Each structure stands twice: as structure tokens, then as C-alpha cells.
Amino acid sequence: MGHSTSKDSPEAAEGSRRARLKQKLHLHGLRRIFRRSHGNGSGSGGGYVLKLATAEDFAGIALLTLISAEMKFKDKWMACVSVGEQTFRTEISDQTEKPVWNSQKKLLLDRNGPHVARISVIETNRVKKNNLIGYCEIDLFEFLTQDSDSDFEIFDLFDPSSSGVVGKISLSCSVEDPIETEKSFARRILSIVDYNEDGQLSFSEFSDLIKAFGNQVAVVKKEELFKAADKNEDGVVSMDELADLLSIQQEKESLISCCPVCGESLEVSDRLNTVVHLTLCFNEGTGNQIMTGGFLTDREASYGWMFKLTEWTNFSSYDVGLNFGSSASHILVIDRRTKRLVEELIDGKIVMSMRALYQSKIGLGLMSTGVKQLLHSMSEKQGRKMNSTDSAKEIPKFLEFFKTFNEFFIRELKAGARPIASIEHDEVAVCGADCRLIAFKNVEDSTRFWIKGRKFSIQGLLGKEISSTTFLDGSLVIFRLAPQDYHRFHSPVSGTIEQFVDVPGYLYTVNPIAVNSEYCNVFTENKRVISIISTADFGKVAFVAIGATMVGSITFSRKEGDYVKKGDELGYFSFGGSTVICVFEKGAIKLDEDLVANSGRSLETLVRVGMSLGVATSKRSEINLSNLKIV
């Protein structure tokens, strides 16, 4: 933990300042309580630092500062902070083992938004690429509400490969004082039209500012507004007078319909976020180094000049989701728990091989002339190897008590490791695997955003033995398991297993590079086992376990006639990555909005077994959805 000296302010001034702060908070309708840490620790440069006394319903601006680090060897260091779908980076330090950045970033925090920050420290003294040396994850709400008189804290940095401690990082995080926010905002917004730079607005300058706000009603009332702002009647509007006008009008009728900086339209009804948006757009810094933004992940932010050259020549590019058949050499998914983008890396040679096979007519021709059989043979051979005692050599040293690699690969989790969302409500479906999930309201959406195979259909997926008419136009959920995932799959619903159907097929990879190919049909041509679960809340649900390259074995631990509760184990895949697809009857489920929204961007969501998937449409009116938790 960090340390700082303290300096008490006069009691009267403290009381007055607290009163003003409470008044401002009340005006904004924020309903939150702050406590004050005061001192001149190295994190804030002195003065007052606001800390949340409660994180309930919080929405506002937090100021995060990456101060310094202590590493185990000398290098040129850079730090990154990732929150939600944004990553920011510091400047590169001098050659040292104790880098100092004092680099700041203002972040919008909302109780229902991303608030878990990943801090990464990267060595940059490399030609081809920079290396991630240590990281930590910090829940900013917990940080802001912890009981500490210090205005900075010290966190351990963990090795991403071994989880050992490789260094320490000092940082501070505080809530921005709404009073100072308004002053700062008013100062910057005044400067836009303060043509003579005298720190005041004439009526002409004030009129130009109102026009820039894009509010036609305010333009008509500009004389009235100017008179209201000019409280001392000296013919000009000062910074303090402008700040008061904006604060008062914010509670009556916002003057600002669009942001003068970025031009974005602002929701009139969402007054708090309007202020927050404008404050971030007008961020003027505090004298310290401001972090550079515009990155999606810490890996993108950390690339050396060699990659920048290859990126410039279109060797690879970054974007959210998948475009044009997954042209990128990486996959970005969004972690549902932290609401942060995570990069799934694939070896470059494997990527090139998959593209050659799955995304070209020549590759498709190879598939037809023996590659399908080769993949099947390789997968079976690898499966036999992973079931042999020799395969135990591949198991990490700390798990040597497993006899075979597959025994390690299909290991069970400890009881309670995966809480089940709304376990008492069978009308709430849950995620059936630790996986990357993509969910669509209907098959048409799935083929528009994700499955590019020319012949994909529900009939093709389920085969001839199952009446596919039951599931026509139904909702589709794809659970993609990567090799590093827990490889047992669980029932998303409660019901009785009516039947199992084995469908023979090939063992194409289930990587999005293949799924997004226009030249093959992974889900309708791969080996798969289909189970039909009859439920009271969702009707019939088709649960399809699909084999993949290096996955020749699909094992169900249940049999026909068994009743399963949602979250109960259904079976497991042996070595390799694979996929489960759930198909619901048309109109049977209202999928969770965040999953559908991400999928509409061709963005997979990283989920765990037991997280909420959706609610039965027939029961939505009978349960209190506000009390349901994602888990």
C-alpha cells in the first residue's frame, strides 16, 4: 500500500467546501457520497482527492494516474491501461528499472459499464516487437471506495505466463470534483469563442457559442440567456458566470444539443452523460503527461516499429469483430465480466495455413481431394496419443498427478466454481460452456453477421433424423471453446433429454477463419452429436456438440430420458477446441441484450458456464428482470 503525508485544512473551510460539493451533487442528481483524502503524496501533486464512500449508482469521471513502477531489470518501459473497449498508453521511459510516467487519463465510470482496468507494463527495447512483462487487474470501484488515507496505492505486477510477481506499480485514482469539472469545462468552452482572449464573452461571442451548441430554441432565447448569465450586469459573461449558467440550465433545459468538439448529437434526456461527454472532449489535462488513446488492446498499443511498417502495408489490421472472412491475424473478443476487449492470439503460420485451406477456391479444391480425410486421420491419431501415458509429458509440471493429457484436458471444476444465474428460475437460460459466445435472434442474422458458408441451414445443422421445422427461424447460440478452455459442456436449460442423434462428418477447424469462409460449411459438414431437450419454459431445445480438428471424441455423460437442471453437466470434448450450438424454437427466448448487441458487431463475448443467456418469452412478465444477475 502507498503512503502519503497529511495536511489538515481549516474546519470551517472544509465544512463550507463539503456543503458546496453536496449541493452540486444534489443538483446533478448523482445520489452519492464522497470522502476526502488530503495530502501531497506523489500521486496527486497535493490538494484534495475525492474518494467514493459508496459505488452504488455511481456515474461520473475518474482520474487515473499511472505514477511509476519498480521492475527487476533495466529497460525502456511503457505502461498501458485497458478499460472496456479502449486502451491508453504512456510515453516510453528512460532506460531504468524504476520508470516514472505520471501519466493521466480521465475515464467515464458507470455502475453498469466497464470498471475493471487491466494495467500492463511492457519492455520496449526490442526491434520487432515489445514484450508484456507484468500486469494487474484493478476494480476501479473497489479502489475508489477502499478505506485509505493515501492518495496512491502500490499493486503487484504478475508474470502473464507464470503468475509470479515481477514488479510493482504505483497508481492513483480519484473522482473528479464536480465543481472543478464545471469550472474547467466552462474555461475550455469559453475559449472557443473568446476571440480577443480577455477571459470574458461579449454578447456577440456569447451568441456564437450558443449557435455552436446546436440548440435552435436556445438561439432564439440568446438575449434572455445572456442577461441571465450576466449577473453583475457589466455587459460581459465571465467564466464563473458561464459555469453557473450551464449548471442551472442543465437542470431546466440543456443548452447543448451537439458537442462543439466532436459534433456528436447529445441526448437531451441524459443530462449527466452530456456533461461527462463534454468534459472528456474538453479535457485540458492537469500538467502531467496525458496517455495516448485510440488503441483496442495493450498488444496493439505496444507494437514496435517493425509491426507498424507491416501494418502500413496491410499485412494485418485491427478492428472490433470480424470483417470479410476474418482477415485479421488475431481475434478480438469482449470479456463479459470485465467488459474489456481481449485478444486471442493465433500463431502466424497456423493463420496462413487456415486461410489457404478455408478462404480460397484452391483451398476448397484441396479439401475435396483428400485434406478432409487427412484432418480426420490426424485428429484420430492425436486423440490416441493424448490418451496414452506418454502424453503426460505435455502436462504442466504443477499438474503432474494426471495420468494422461486427456485426463488433464477434461478435468472437472471444483463444486461452486461456476455459479448458476437465477438458479431458482428455470425460465432463465444460462451459458452452457466456458467459451466465446455469439448469439442471434434468428438464422438470418447469424448468416449475415457470422456464418458465411453458402449452404448453412437449420436443416443441414440438425440432419434428417430430427424434424427441423420445429426450429425454423429460431434463435441460434454458438459456444466456441478454445483449446485453453474448460472442456466440459453443461445444459443451458432444465428439461428432459428426448433423444441423441450421431451425425458423421469431417473435422474442420471451428476457428472463425473457417466459419467465416464462403467456401466450406463447418457446422453442417463436421461430425456432431445432437440432443433434443424438452422443457416447460422454452419448448424443445436442440443442443449440438460439434467435433473439430484434433477433437475426434464427443462424450455425453447423460442418456435419453434423463432430466437435467440448467447448469448440470451434459458431457465433454477431448483434446482440442470445439463448438456447441443451441437452437431454440422461434420466439421461445429473449436473448440477453448485451450478447445480441455484441454479436451484431461480429464480436464474440467471453462467457463462463452459468452466466445468464436469456429469458423465456412466455414468462418474462412473471419475473422481476431487474433482480436477475448475469453472474
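Coordinates for the structure precede this section.
Now for a look at the structure at hand. Since the model is a prediction, treat every value here as computed from it, not as a measurement. Here, residues in each chain are numbered from 1, in the same order as that chain's written sequence. The model is predicted, so local features are restricted to residues of pLDDT at least 70 and side-chain atom pairs to those at 80 or more, both for listing and for counting; the totals for chains, interfaces and linings are taken over all residues. The side-chain quantities take in all heavy atoms of the structure and omit both hydrogens and water.

### Some details on helix H18 (residues 593-600)
- For every residue, the accessible area (1.4 Å probe, protein chains only) is compared with the maximum for its type, and the residue is labelled buried under 20%, exposed over 50%, or partly exposed between those bounds. Only runs of H or I of at least four residues qualify as helices and only runs of E of at least two qualify as strands under DSSP, and these elements are numbered from the N terminus. Turning to H18, its buried residues number three or more, namely Leu595, Asn598 and Ser599. Along the axis of H18, the buried residues cluster in a sector spanning 100 degrees; they form a single face.
- The first or second residue beyond H18 is Ser602, which carries a positive phi of 60 degrees. This arc describes the spread of directions from the helix axis toward the C-beta atoms.

### A short note on the sheet that holds strand E25 (residues 554-556)
- Strands sit in the order E21-E27-E25 across an open sheet of 3 strands; the sheet is antiparallel. Sheet topology places strand E21 (488-490) and E25 at the edges, where each strand pairs with a single neighbour. Ignoring which end each strand starts from, the neighbouring axes of this sheet average 25 degrees apart.
- In short, DSSP must find at least two bridges between two strands for them to pair. Strand direction decides the pairing type here: E21 and strand E27 (residues 569-573), joined by 3 bridges, are antiparallel. In the strand pairing of E27, Arg488 is matched with Tyr572. Where helices are involved, their axes are fitted lines through C-alpha atoms of the stretch in contact, as for all axes, and angles between N-to-C directions lie from 0 to 180°.

### Notes on unusual backbone geometry
- For Glu197, which is not glycine, the phi dihedral falls at a positive 55 degrees.
- Mapped onto the secondary structure, Glu197 falls in the loop between helix H3 (178-193) and strand E12 (200-201).
- The exposure class of Glu197 is exposed, given its relative accessible area of 70%.
- Despite not being glycine, Ser422 has its phi angle at roughly 45 degrees, a positive value.
- You can see Ser422 is positioned in the loop between helix H13 (405-409) and strand E18 (428-430).

### Side note on the packing of aromatic side chains
- For Phe, Tyr and Trp, where Trp contributes only its six-membered ring, two rings pair if their centres lie within 6.5 Å, and the inter-plane angle classes them as stacked under 30 degrees, edge-to-face over 60, or tilted in between. Summed over all chains, the structure comprises 11 aromatic pairs.
- For the ring pair Phe73 and Trp77, a centre distance of 5.2 Å and an interplane angle of 50 degrees mean the geometry is tilted.
- Taking relative accessible area as the criterion, Trp77 reaches 0% and is therefore assigned buried.
- Geometrically, the ring pair formed by Phe456 and Phe523 is edge-to-face, given 6.5 Å between the ring centres and 75 degrees between the ring planes. Here Phe456, found in the loop between helix H14 (443-449) and helix H15 (458-462), pairs with Phe523, found in helix H17 (residues 522-525); they are 67 residues apart in sequence, far enough to count as distant. Of the two residues, Phe456 and Phe523, neither departs from the other in class, the shared state being buried.

### Quick notes on the side chain of Ser120
- Among the secondary structure elements, Ser120 is positioned in strand E8 (residues 116-123).
- Since its relative accessible area comes to 0%, Ser120 is described here as buried.
- One polar contact links Ser120 to Arg118, side chain to side chain, over a distance of 3.4 Å.
- Within the structure, the side chain of Ser120 is placed 2.6 Å from the side chain of Asp298, a separation counted as a polar contact.
- Ignoring any residue separated from it by four or fewer positions in sequence, one finds Ser120 in contact with Met78, Ala79, Cys80, Leu132, Gly134, Tyr135 and Asp298. Identification of polar contacts relies on pairs of N or O atoms within 3.5 Å, with a donor-acceptor requirement for protein atoms, meaning one able to donate a hydrogen and the other able to accept it, and with residues adjacent in sequence counted only if both atoms are side-chain atoms. Contact criterion: two residues are considered in contact whenever any of their non-hydrogen atoms come within 4.5 Å of each other.

### Focus on helix H6 (residues 222-229)
- Among the residues making up H6, those that are buried are Lys222, Leu225, Phe226 and Ala229. Axial view of H6: buried residues confined to an arc of 100 degrees, hence all on one face. In H6, the exposed residues that point more than 90 degrees away from the buried face are Glu224 and Lys227.

### Quick look at the pairing of strand E11 (residues 165-175)
- For E11, the tally of buried residues reaches 9 of 11 residues, placing the bulk of the element in the interior.
- Looking at chain direction, strand E10 (residues 153-158) and E11 are connected through 6 bridges and run antiparallel. Across the sheet, the residue bridging to Phe155 is Ile169, located in E11.
- Two successive antiparallel strands, E10 and E11, enclose a turn made up of 6 residues, where Ser163 displays a positive phi of approximately 70 degrees.

### Quick word on the packing of helix H4 (residues 203-212) against H6
- Running from N to C, H4 and H6 point in directions that differ by 115 degrees, and their axes come no closer than 10 Å. Here H4 runs over H6; the crossing is right-handed. Along its contact with H4, which presents Phe203, Phe206, Ser207, Ile210 and Lys211, the element H6 presents Lys222, Glu223, Leu225 and Phe226.
- In the contact of H4 with H6, the residues fall into 5 nonpolar, 1 polar and 3 charged. Whether a crossing is left-handed or right-handed is set by the direction in which the near helix is turned from the far one by less than a right angle, anticlockwise for left-handed and clockwise for right-handed. Residues are grouped as follows: Ala, Val, Leu, Ile, Met, Phe, Trp, Tyr, Cys and Pro are nonpolar; Asp, Glu, Lys and Arg are charged; all remaining types, including Gly, are polar.

### Quick look at the environment of Ser68
- Here Ser68 lies in strand E3 (residues 59-71).
- Look at Ser68 and you get buried, because its relative accessible area is 18%.
- Those residues within four positions of Ser68 in sequence are excluded, and the remaining contacts are Pro99, Val100, Trp101, Lys168, Ile169 and Ser170.

### Points about the sheet that holds strand E29 (residues 589-591)
- Here we have 3 strands laid out as an open sheet, ordered E18-E31-E29, and antiparallel in their pairing. Single-partner strands in this sheet number two, and they are E18 and E29. Put simply, the sheet's adjacent strands are angled 30 degrees from each other on average, direction ignored.
- Looking at chain direction, E18 and strand E31 (residues 612-616) are connected through 3 bridges and run antiparallel. Directly across from Val428, in E31, lies its bridge partner Val615.

### A word on the nonpolar core
- Counting residues in hydrophobic clusters, the biggest one holds 33 residues, and the most contacted among them are Leu437, Val477, Phe479, Phe489, Phe584 and Leu613.
- What Val477 contacts, discounting residues up to four positions off in sequence, is Leu437, Ile438, Ala439, Val580, Ile581, Cys582, Phe584, Leu591 and Leu613. For this analysis, a nonpolar core means a set of buried residues of the types Ala, Val, Leu, Ile, Met, Phe, Trp, Tyr and Cys, connected via side-chain atoms within 4.5 Å.

### With respect to the environment of Ser475
- Within the secondary structure, Ser475 is located in the loop between H15 and strand E20 (476-481).
- Given the relative accessible area of 5%, Ser475 is considered buried.
- Put simply, Ser475 and Ala588 are 113 residues apart on the chain and 8.0 Å apart in space, counted from C-alpha to C-alpha.
- Ignoring sequence-local partners within four residues, the contact set of Ser475 consists of Phe440, Lys441, Asn442, Cys582, Val583, Phe584, Glu585, Ile589 and Leu591.
- Polar contacts involving the side chain of Ser475 include one to the main-chain carbonyl oxygen of Lys441, which spans 3.0 Å.

### Describing the pattern of salt bridges
- We define a salt bridge as a contact between a side-chain nitrogen of Lys or Arg and a carboxyl oxygen of Asp or Glu at a distance within 4 Å. Applying the stated criterion across every chain, the model contains 18 salt bridges.
- Arg337 is paired through a salt bridge with Glu137; the nearest N and O atoms lie 3.4 Å apart. In this pair, Arg337 sits in the loop between strand E16 (330-335) and strand E17 (340-345) while Glu137 sits in strand E9 (residues 131-139), placing the two residues 200 residues apart along the sequence.
- For Glu137, a relative accessible area of 36% gives the class partly exposed.
- Salt-bridge contacts for Asp592 lead to Arg336; the nearest nitrogen and oxygen are separated by 2.9 Å. Of this pair, Asp592 sits in the loop between E29 and H18 while Arg336 sits in the loop between E16 and E17; the two residues are 256 residues apart in sequence, bridging distant segments of the chain.
- Through salt bridges with shared partners, one network takes in Glu137, Arg337 and Arg340.

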